[in-house]
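Each chain is listed here by its residues.
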Amino acid sequence: MKTRRDFIKISALGAGGLAAAGGAYKWAKGSEIMDKLSGEAADKNLKLNRYPTYCEVCFWKCAGWTHTDDSGNIIKIIGNDDDPHSNGRMCPRGTGGIGMYYDEDRLKTPLIRTTKNGKQTFRKASWDEALEVVAKNFNKIKQKYGPEAVAGFFHGSPGSHLGHTLHAFGSHTEAHPSYAQCRGPREVGFAATFGSGVGSPEPTDIRDTKCMVLIGSHIGENMHNGQVQEMADAIDKGASIITVDPRFSTAASKSKFWLPIKPSTDIALLMAWIHVIINDELYDKKYVEQYAYGFKELKEHVKKMTPEWAYGITTIEPSLIRKTAYEMAAASPAAIIHPGRHATWYGDDTQRERAIAILNALLGTWGRRGGFYFKEAMSLPKYPTPEPPKPKWDWKDIHGDKYPLAALPVSNALVEATIAENKPKHQIRSWLVAGTNLPLTLPNKEQTLKAIQELEFMVVVDTMPMEVTGYADVVLPECTYLERYDYIRTSPHREPNIALRMPATNPKYESKPAWWIAKKLGEKLGLEKYFPWKDIEEVLDWQLYQVGSSLEEMQKVGVKKFERAYGAPYLKQGEDYEFYTNSGKIELYSTEMENAGFDPMPSFTQHEEPPKDFYRLIYGRTPAHTFSRTANNPNLVDLKAEPLLWINPKVASIWGIKNEQYIWLKNQDDKITQFPVKVRVTERIRWDSVFMPHGFGHSNKRLSRAYGKGASDAELITNVNVDPVMGGTGMRANFVTFLTEEPKTETRS
Amino acid sequence: MRYAMAIDTNKCVGCADCVVACQTENNVPVGYARDWIAEIVAGTYPNVELEIRSERCNHCDNPPCVRACPTGASHVVEGGIVKVTPEECIGCGACIQSCPYDARFSHPDGYVDKCTFCDHRVKKGQDPACVAVCPTKCMYFGDLDDPSSDVSEAMKNRKYKALAPEAGTDPHIFYLM
């Protein structure tokens, strides 16, 4: 099919001198410098300099120190001891973050789409020219449709800079896939209950917990550092862990109880636990009486939701359901029913998160030591800039009547509003994408690509030639987090704290920091007055001065802690406390949900079952990788040489599939993976499901180490159950079957 | 003095941070590793057990690799650390064959390489890079002869095992159970 926007492999560009590295990859340019470190003779000659940073390999944002030698080469990254996110210890990705800097596949220069001999290709461009083209096209869209038709898709730090440009330009059409593709349902479910979302880092008081319940959450494989550290501390102190997972996860192997649940039935288990806790009077009576709203209604609601009822749905023995309910109740209030993080599973995810929140409320864990602490963040005043123009419409108008409780824009709604056929009230005509590889991030790749084809103009800002860059009209190379300043990290914690990220070295190639790109683009758009600073250092120094610090101080310490200003992290005995809900109480019965037309209390609903010869596709993390961001990182890529597909031995024997065999996967909609995946036959997975890590199966050859490694789960996620409450994309109702022979190419996705 | 390491299998999540930290600390070429993660699964679903271990050279008291080395490149230094002198190594691989733990590899530069317990750090009073970085703090290092060292403290009142004791190598990596 001829498209107006052909995918361009950046490799096709005569970038020159890019002979593919064969055989063992040695430490890029740093090899000689690294040699200095290994021998003791050289060791004494080495002078290390260190620069504060916070990590951008995942979004836990651990603070650390980037070490360089005296030639300015980055040699290692070590955690900052004062940082509550890392406690001086980075995770493998943070330690290996150095590979992002050395990756020779990085985007090197701005690129502009052009047609040469009838074929679309990229040509190198200067920053001035590339930004000129972007500004010209954005202004064209503004004249034709208004500035609102330019939408931003952001993940991580670049979004805060480019979002400012977008707002100044007059658009509030901006989405972060971290909401509707990830943690949105839990934010809404917890906010409806406690009046406050969960946020990141999660305010789970794991280090002091006596019992932690993980439902599909695989801490340990999901290396959100502070949580993993605190889980290890809790294990040391004898805490019990209860893991609910169809897969024998790492966390399951550390657990006192593992509940190998039938996938998609979690709400039934949660309701049965609630039933036992109410029926057997295990709940925190004083807490519930003082703080909770709707106990009577809840008690009535769960009356028939017995463990025996749940057994038939979940396959978990009633006695085990009771035993685990008693276990968590005995530990309460030092118990945590963990809200998880990636929560978009089946489309009723807000209701599942509500059930989790309700269970926590009954056990009195919210605002209690060993449960959830009241988090507090340092707020830094914004550098004063003029009020941006008010858009005529924004993301809320795109949602319309849909997703009434979405507190943030839903990326899939923005994608739908880009496609003319959907007759959107306001059609989006242009995308500015930064830090998110949309074809692998969003489910339903076909829809994403269809939307891209309808765009009049698309800009992508990234450090790597991710798949999304191949569809851009202009590609802008951002430097890595080790080479740039960003805004101060102000994430909440037990103690308010701030962290600085500063460059440890100059940006490689012609890459530039996002703050610079945002300002220069702003200037090209005639928006100078919104960027009244010389550089970001001026902004940061001004902001830090407002809270009694300075850029100079932060460069020395990296992390600074402050006293809490809004009360203790835990409720005092009988303390008067008003929750930010309609009733001012913890809402077991949610008036917010009810007012929005949804069930005020959660119930189990049946989800799709795998057809014959199909298995439910469960995806997740491996500890050394973050989505597709790390798949090409030279330091991380050889750890799990390849992503593996987990198959139960019984299933493997039915199919005659051997361990380490390569197979292709076909889903219920006949989508077949582009690449084969290696099989791991293991007792650690249920017979009705398969598991694979997310973020692999890259199709861009320019990602020389990631290309063709493993299958992409995103290709197989074509059945999306959207949560009507907040727009989350439920992605766990996809089923796969196995192809042991290479399929003919024309049938492949 | 006798250096040793104890690793708590109840806490290790197998994240491989030890592997990455070792690579950056010791300039191990990518694609090679001086330490690695082993996962041992036992049982049948749903009665499954999993042990996750960070493994490396066991710095044995009776090291077959040192005996197998024809040039003396493999040797034992103070504190029982088994080391290789690259300049003396001819890359014959006899030591690789003799090691029951598969802890040695041929470095692309033509010599045999392995874990050194980060003795360049230990000399400065620091822990090996793998121990220093571990997010779960599941690894303990120190002098086994010193009852107050981290490793001695960690092994007190805990059940532990070593790998392949039947090989008679007297290994010095202990796994807390």
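Procedures and definitions
Residues numbered from 1 in each chain as written. Chains lettered and ligands numbered in written order. Predicted model: local features only at pLDDT ≥ 70, side-chain atom pairs only at ≥ 80, totals over all residues. Heavy atoms only, no water. Helix = DSSP H or I, 4+ residues; strand = E, 2+ residues; numbered from the N terminus. Rg over C-alpha atoms; globule rule 2.2 N^0.38 Å. Buried < 20%, exposed > 50% of the residue type's maximum accessible area, 1.4 Å probe, protein only. Contact = heavy atoms within 4.5 Å. Areas by Shrake-Rupley, 256 points an atom, 1.4 Å probe, with all protein chains shown as cover. Buried area = accessible area lost by both parts, 1.4 Å probe. Salt bridge = Lys/Arg side-chain N within 4 Å of Asp/Glu carboxyl O. Polar contact = N/O pair within 3.5 Å; in protein donor to acceptor, adjacent residues only side chain to side chain. Nonpolar A, V, L, I, M, F, W, Y, C, P; charged D, E, K, R; others polar. 1 Å grid on protein atoms, 1.4 Å probe; cavity = no way out; pocket = protein on both sides within 12 Å on 5 of 7 lines; lining within 4 Å. Points joined across faces, edges and corners; volume = space filled by probe spheres on them. Phe/Tyr/Trp six-rings, centres within 6.5 Å; stacked < 30°, edge-to-face > 60°. Lys NZ or Arg CZ within 6 Å of the ring centre and 35° of its normal. Domains from an automatic or database assignment. Pairing = 2+ DSSP bridges. Axes fitted to C-alpha atoms, helices over the stretch in contact; angles between N-to-C directions. Core = buried A, V, L, I, M, F, W, Y, C linked by side-chain atoms within 4.5 Å.

Side note on the overall build of chain B
Argument step 1. For chain B, the helix and strand inventory stands at six helices and ten strands.
Argument step 2. In summary, chain B has a C-alpha radius of gyration of 16 Å against a globular reference of 16 Å for 177 residues, a match within 12%.
Argument step 3. C-alpha extents for chain B along the principal axes are approximately 50 × 40 × 35 Å.
Argument step 4. By the burial criterion, 59% of the 177 residues in chain B qualify as buried.

A short note on the overall build of chain A
Argument step 1. The number of helices and strands found in chain A is 25 helices and 26 strands.
Argument step 2. Against the compact-globule benchmark of 27 Å for 749 residues, chain A has a radius of gyration of 26 Å, which places it among compact chains.
Argument step 3. With respect to the principal axes defined by its C-alpha atoms, chain A has extents near 70 × 65 × 65 Å.
Argument step 4. Residue burial in chain A is summarised as follows: out of 749 residues, 65% are buried.
Argument step 5. Here the analysis covers contacts within chain A between residues at least 6 apart in sequence; of these, 75% occur between residues at least 24 apart.
Argument step 6. In the form shown here, chain A has an accessible surface area of approximately 27000 Å², with 50% of it arising from carbon and sulfur atoms.

What to know about the interface of chain A and chain B
Argument step 1. Taken together, the contact between chain A and chain B spans 52 residues of the former and 48 residues of the latter.
Argument step 2. Buried area between chain A and chain B, summed over both chains or domains, comes out near 3900 Å², and the portion from carbon and sulfur atoms is 56%.
Argument step 3. For the pair chain A and chain B, the number of links is four salt bridges.
Argument step 4. The tally of links between chain A and chain B comes to eleven residue pairs in polar contact (both at pLDDT 80 or more).
Argument step 5. For the side of chain A that touches chain B, the elements supplying multiple residues, two or more each, are helix H1 (31-38), helix H2 (40-43), strand E3 (74-79), helix H3 (92-95), helix H8 (225-236) and helix H9 (250-253) of chain A.
Argument step 6. For the side of chain A that touches chain B, the leading source of residues is H8 of chain A, giving seven residues.
Argument step 7. Residue composition of the side of chain A that touches chain B, by class: 26 nonpolar, eleven polar and 15 charged.

A few points about the pattern of salt bridges
Side chains bearing opposite charge may pair, as long as their charged atoms lie close to each other.
Residue and element names in this part refer to chain A.
Argument step 1. Scanning the model with the defined rule gives 59 salt bridges over all chains in all.
Argument step 2. The partner of Lys-519 in a salt bridge is Glu-523, with the nearest N and O atoms 3.1 Å apart. Taken together, the positions of Lys-519 and Glu-523, both in helix H20 (residues 514-524) and four residues apart, correspond to about one turn of that helix.
Argument step 3. Under the relative-accessibility criterion, Glu-523 is labelled partly exposed at 26%.

Considering empty space enclosed by the protein
Residues and elements named next belong to chain A.
Argument step 1. Tallied over the full model, the rule gives eleven cavities of 30 Å³ or more.
Argument step 2. In this structure, the largest cavity spans a volume of roughly 160 Å³.
Argument step 3. Lining the largest cavity are 17 residues; nearest its centre among them are Gly-216, Asp-245, Pro-246, Ile-618 and Arg-732.
Argument step 4. With three residues, the single largest contributor to the lining of the largest cavity is strand E19 (residues 615-620).
Argument step 5. Among the residues making up the lining of the largest cavity, the classes are represented as nine nonpolar, four polar and four charged.

With respect to the packing of aromatic side chains
Argument step 1. As enumerated under the stated definition, the model contains 32 aromatic pairs over all chains in all.
Argument step 2. Geometrically, the ring pair formed by Phe-190 of chain A and Phe-194 of chain A is tilted, given 5.8 Å between the ring centres and 40° between the ring planes. Taken as a pair, Phe-190 of chain A and Phe-194 of chain A lie in helix H7 (residues 177-194) at a separation of four residues, close to a single helical turn.
Argument step 3. Among the aromatic residues, those joined into a ring-pair cluster are Tyr-287, Tyr-291, Phe-374, Tyr-577 and Phe-579 of chain A.
Argument step 4. Looking at Arg-680 of chain A, its charged tip hangs above the ring of Trp-646 of chain A, at a distance of 4.7 Å from the centre.
Argument step 5. Lying over the aromatic face of Tyr-175 of chain B, Arg-53 of chain B brings its terminal NZ or CZ to 5.6 Å of the ring centre.

Concerning the domain arrangement of chain A
Residues and elements named next belong to chain A.
Argument step 1. Assigned domains of chain A: these are domain 1 (191-374) and domain 2 (615-747).
Argument step 2. Relative to domain 2, the C-alpha centre of domain 1 lies at a distance of 28 Å.
Argument step 3. Residue-level contacts link 25 residues of domain 1 with 26 residues of domain 2.
Argument step 4. Carbon and sulfur atoms supply 53% of the area buried between domain 1 and domain 2, which totals about 1900 Å² over both sides.
Argument step 5. Considering only the side of domain 1, the residues that lose the most area to domain 2 are Arg-247, Thr-344 and Tyr-346, jointly responsible for 25% of the buried surface there.

Looking at the sheet that holds strand E1 (residues 49-54) of chain A
Two orientations exist for strands paired in a sheet by backbone hydrogen bonds: parallel and antiparallel.
Residues and elements named next belong to chain A.
Argument step 1. Ordered in space as E1-E2-E3, the three strands form an open sheet in which the pairing is antiparallel. Both edges of this open sheet fall to E1 and E3, since each of them pairs with a single strand only. Going from strand to strand, the sheet's axes swing by 30° on average, the running direction of each strand aside.

With respect to the nonpolar core
All names here are of chain A.
Argument step 1. With 96 residues, the main nonpolar core has Phe-138, Trp-431, Met-458, Val-474 and Leu-476 as its most contacted residues.
Argument step 2. Ranked by residue count, the leading element in this core is helix H5 (residues 127-145), at eight residues.
Argument step 3. Excluding residues within four positions of it along the chain, Trp-431 makes contact with Ala-151, Phe-153, Val-415, Thr-418, Leu-438, Thr-448, Ala-451, Ile-452, Leu-455, Phe-457, Met-458 and Val-459.
Argument step 4. Grouped together as the second largest cluster of nonpolar side chains are 76 residues, Cys-211, Leu-269, Val-302 and Ala-329 included.

A word on helix H19 (residues 445-454) of chain A
Argument step 1. For H19 of chain A, the full list of buried residues reads Thr-448, Ala-451, Ile-452 and Gln-453 of chain A.
Argument step 2. Where the residues of H19 of chain A are buried, they touch helix H17 (411-416), strand E13 (430-434), helix H18 (438-441) and strand E14 (457-462) of chain A.

Here's the deal with helix H1 (residues 17-26) of chain B
Side chains of residues three or four places apart in an α-helix project in the same direction, reflecting 3.6 residues per turn.
Residues and elements named next belong to chain B.
Argument step 1. Taken across its ten residues, H1 has ten buried, putting it largely inside the fold.
Argument step 2. For H1, the full list of buried residues reads Asp-17, Cys-18, Val-19, Val-20, Ala-21, Cys-22, Gln-23, Thr-24, Glu-25 and Asn-26.
Argument step 3. Looking at the residues trailing H1, positive phi occurs at Asn-27, about 50°.

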